[in-house]
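Below, each chain spelled out in residue letters.
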2 protein chains.
Amino acid sequence: MTQKKPTLVSLAESIGVSRQTVSNVLNAPQRVKPATRERVLKAVQESGYRPSAAARQLRTRRSMDLGLRLTPVTDGINGAVQDRFLHALTEAAQDAGYRLTLYSARDDEEEIRHIDELLHVADLDGFVLTGTHAGDPRTAWLQEHAVPFAAFGRPWSRTADPFESAHPWVDIDGAAGTESATGFLLEQGHRRIGFLGWRPDEGLGDDRRAGWRRAMEAAGSCGSLNELSAATDDDVAAGASAVDGLLARGVTALVCASDSLALGAFAQLRAVLPPEVEPAVVGFDDTPVAAAVGLSSVAPPVADAARRIIAVLSHVLAGRPAGEGPHRHQVLKPSLVVRKPYALGRTVPRRQGG
Amino acid sequence: MTQKKPTLVSLAESIGVSRQTVSNVLNAPQRVKPATRERVLKAVQESGYRPSAAARQLRTRRSMDLGLRLTPVTDGINGAVQDRFLHALTEAAQDAGYRLTLYSARDDEEEIRHIDELLHVADLDGFVLTGTHAGDPRTAWLQEHAVPFAAFGRPWSRTADPFESAHPWVDIDGAAGTESATGFLLEQGHRRIGFLGWRPDEGLGDDRRAGWRRAMEAAGSCGSLNELSAATDDDVAAGASAVDGLLARGVTALVCASDSLALGAFAQLRAVLPPEVEPAVVGFDDTPVAAAVGLSSVAPPVADAARRIIAVLSHVLAGRPAGEGPHRHQVLKPSLVVRKPYALGRTVPRRQGG
DNA sequence: TTGTAAGCGTTATCAA
DNA sequence: TTGATAACGCTTACAA
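Structural notes, computed from the coordinates.

1. A closer look at the sheet that holds strand E8 (residues 253-256) of chain A
All names here are of chain A.
- The 6 strands lie next to each other as E7-E6-E8-E9-E10-E12, forming an open sheet whose pairing is mixed. Strand pairing shows two members of the sheet lacking a second neighbour, strand E7 (229-232) and strand E12 (335-337), which therefore form its edges. Strand-to-strand, the axes of this sheet are offset by a mean angle of 20°, without reference to chain direction.
- The pairing of E8 with strand E9 (residues 281-284) spans 2 bridges and is classified as parallel. When the sheet's bridge partners are listed, Leu254 is paired in E9 with Val281.

Quick look at the structure:
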């Protein structure tokens, strides 16, 4: 039943060639005479021989294994993005001949320790970084130690140009996303469109806010833009409680930095507005929650991003020159998913705790 | 900057002992004289030496690596369970000294091919199976090939006793979950409580239906139970469209086999019932969507399950006898999370009795 | 075009 | 208690 696994040697012996010939057939077929090549390949097929990754790794110093940190699911809503990303990344890595090893870390420092450990112990070939932010210690560490990696997220910095960055990265154009969301609301006739986002972060959040601002300014709404913008924590309750202030300033529609915020805002608007007025809210990330409650949302092409990340990273790992191959810095445009809200309820959402 | 990685040999030379002594300090400390042991350990610390997994694996034939399939996120709602499970599993594996390798497969046959491949190539020590079902070809294959594994999900079968199963598994007691959900609705005064589930599957779905049935029978509702039960696909739309038929049969409250179904049913009830009537619906899995919408739901202890799976599996892999150590077959009771619709973020968890 | 020799870093075996 | 020797399965360099 369970057959003993053939090795290069046992296979070579069984067909009367040296183990080197078999290795060549697999790694440098052109060096082997077609006739013997055929014979060897047939034997490989029949025996089900697969080279041992450990042995190969020991010799070549390449593990064909990539590392990815799994961040704790904070909120469950925005966590869905990680889920989709992970899945696409697994498939892309698999297709490219790489395996994916997960590790879990609470913060950047812990992640660095894990990377260091995995580098020593398992000889990982490279890493995929997610959630890059201003002053990210991980990119610095990896570059210092000459570890190949690609980031999902540009290197946020006020001073440096991300397109000059030494490491490859793929990112979503958040600004373009909120810009098109704002454009959509403008088309619907809204003029005082608010933005509900996070506190200034020199990163993701500011980028999304910038897109809204750009669209508003292009539409001629200058001057009072600051008062249409709110900055809070990233959860449903915070989204709900920010709404009243914005309404007081005459806001009739909202672009949000996340689906969590959007959902909170949406629920609150449902509670406050007259029943015949449909709340005009657009979220960000197109999570299952948005789909479930019928919330419009900006949909980042995470699966595409994952594939591109593997493409650049494996290009780098193959030792190919940076000039050819996939672009080392890519910004992907999100799309807008427009939905009609379900009638889920009219109750007032409340802030947890106090 | 980047220091050259020390090896067993270089480390041994640097302190003037044989490489074997260093190896012994690490793997069989009791065989080494305390004095030298100290000396070696100190050198290990200072040099930051870590044994190479590949070399060790080549020698010991153990990879300290476990495999897990990542199933495609079908619906996004129920997928959240996989996310939580994966996270807990990663941490547990990490803590137990194992690494986790992911692979993606569309169906059981493809999974088996991947397992076979990973076994040959990467010498994985074991696998974690999820989503077991009646007539599962994977368990058969793994047993036939003597591959260690543990399943999240009992071996569903009409004939065989799952507790007699040869392989370890951990499962959620779905019936207990729906039973307590039904009990909760009974307490609220409902009498005609419907069940909205999937078509008969000799597995997960039937189990959840059975719990509802048990609670209803215990409450004296015999006879007409079948007409209170509906079976559909597992998505929001199907949940919504099943509602009318159930209402026509006098159902006043619903226990659902998933949050997708529950959400659909809930939305439909909101649309159909008079505004002052709060729909009484309980979902299953306690997904972020349920939390966001304020839907009561049965919460399976997935994180706990993940930890227990790693515990049994690593017990098996350590070659320990089945008699001692963690139980090889474990059924975990879910809890019921009671929410008020749209009381966003405000949850009242209830403990499940007995 | 094919075969031989050496070595990747570790642990198992056994002798000192 | 310690150390020498021999693998584990593979690839690289070089010789035939």
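On we go.
2. Some thoughts on the pattern of salt bridges
All names here are of chain A.
- Inspection of every chain in the model, using the stated rule, returns 43 salt bridges over all chains.
- For Asp108, the salt bridge is made with Arg69, and the minimal N-O distance between the two is 3.5 Å. You can see Asp108 sitting in helix H6 (residues 108-122) and its partner Arg69 sitting in strand E1 (residues 65-70), a full 39 residues away along the chain.
- With relative accessibility at 13%, the residue Asp108 sits in the buried group.
- When its relative accessible area of 9% is taken as the criterion, Arg69 is described as buried.
- The salt bridge involving Arg138 is made with Asp108; its shortest N-O contact spans 3.4 Å. Pair noted here: Arg138 is in helix H7 (residues 137-144) and Asp108 is in helix H6, with a separation of 30 residues, a long-range link. One exposure class covers both Arg138 and Asp108, and it is buried.
- One salt-bridge network, held together by shared partners, links Arg69, Asp108, Glu111, Asp136 and Arg138.

3. Some details on the relation of the copies chain B and chain A
- Superposition record for chain B on chain A: RMSD 0.2 Å, screw rotation 180°, translation along axis 0.1 Å. These values place the two chain copies in the arrangement generated by a two-fold rotation axis.
- Taken as a fraction of all interface residues of chain B, those also at the interface in chain A reach 95%, which identifies the copy contact as same-surface.

4. Quick look at the protein's contact with DNA strand D
- Close contacts around DNA strand D come from 26 residues, with Leu8(A), Gln20(A), Tyr49(A), Arg59(A) and Thr21(B) the closest.
- Near the protein, within 4 Å, the atoms of DNA strand D are sugar or phosphate in 63% of cases.
- At 3.2 Å, a backbone N or O of Ser52(A) approaches a phosphate oxygen of DNA strand D.
- Residue assignment for the surface near DNA strand D shows that the elements contributing at least two residues are helix H2 (19-27) and helix H4 (53-60) of chain A together with helix H2 (19-27) and helix H4 (53-60) of chain B.
- Grouping the constituent residues of the surface near DNA strand D by class yields 7 nonpolar, 10 polar and 9 charged.

5. Here we look at the interface of chain B and chain A
- Tallying the contact residues gives 59 residues for chain B and 64 residues for chain A.
- Summed over both sides, the interface between chain B and chain A buries roughly 5,300 Å², with carbon and sulfur atoms accounting for 58% of that surface.
- Counting across the chain B and chain A interface gives 8 salt bridges.
- Put simply, Arg99(A) and Asp65(B) hold a salt bridge, and the shortest N to O gap is 2.8 Å.
- Our count for the chain B to chain A interface comes out at 24 residue pairs in polar contact (both at pLDDT 80 or more).
- When contributions to the side of chain B that touches chain A are tallied by element, the ones reaching two or more residues are H4, strand E1 (65-70), helix H5 (79-95), strand E2 (99-104), helix H6 (108-122), helix H11 (259-272) and helix H12 (288-293) of chain B.
- Split into classes, the residues belonging to the side of chain B that touches chain A amount to 29 nonpolar, 17 polar and 13 charged.
- Here strand E2 (residues 99-104) of chain A runs beside E2(B); their pairing, made up of 3 bridges, is antiparallel. Paired with Leu102(A) across the strands is Leu100(B), a residue of E2(B).

Cut-offs and rules
Residues numbered from 1 in each chain as written. Chains lettered and ligands numbered in written order. Predicted model: local features only at pLDDT ≥ 70, side-chain atom pairs only at ≥ 80, totals over all residues. Heavy atoms only, no water. Pairing = 2+ DSSP bridges. Helix = DSSP H or I, 4+ residues; strand = E, 2+ residues; numbered from the N terminus. Axes fitted to C-alpha atoms, helices over the stretch in contact; angles between N-to-C directions. Salt bridge = Lys/Arg side-chain N within 4 Å of Asp/Glu carboxyl O. Buried < 20%, exposed > 50% of the residue type's maximum accessible area, 1.4 Å probe, protein only. Least-squares fit on C-alpha atoms with pLDDT ≥ 70 in both. Contact = heavy atoms within 4.5 Å. Near = heavy atom within 4 Å. Polar contact = N/O pair within 3.5 Å; in protein donor to acceptor, adjacent residues only side chain to side chain. Nonpolar A, V, L, I, M, F, W, Y, C, P; charged D, E, K, R; others polar. Buried area = accessible area lost by both parts, 1.4 Å probe.

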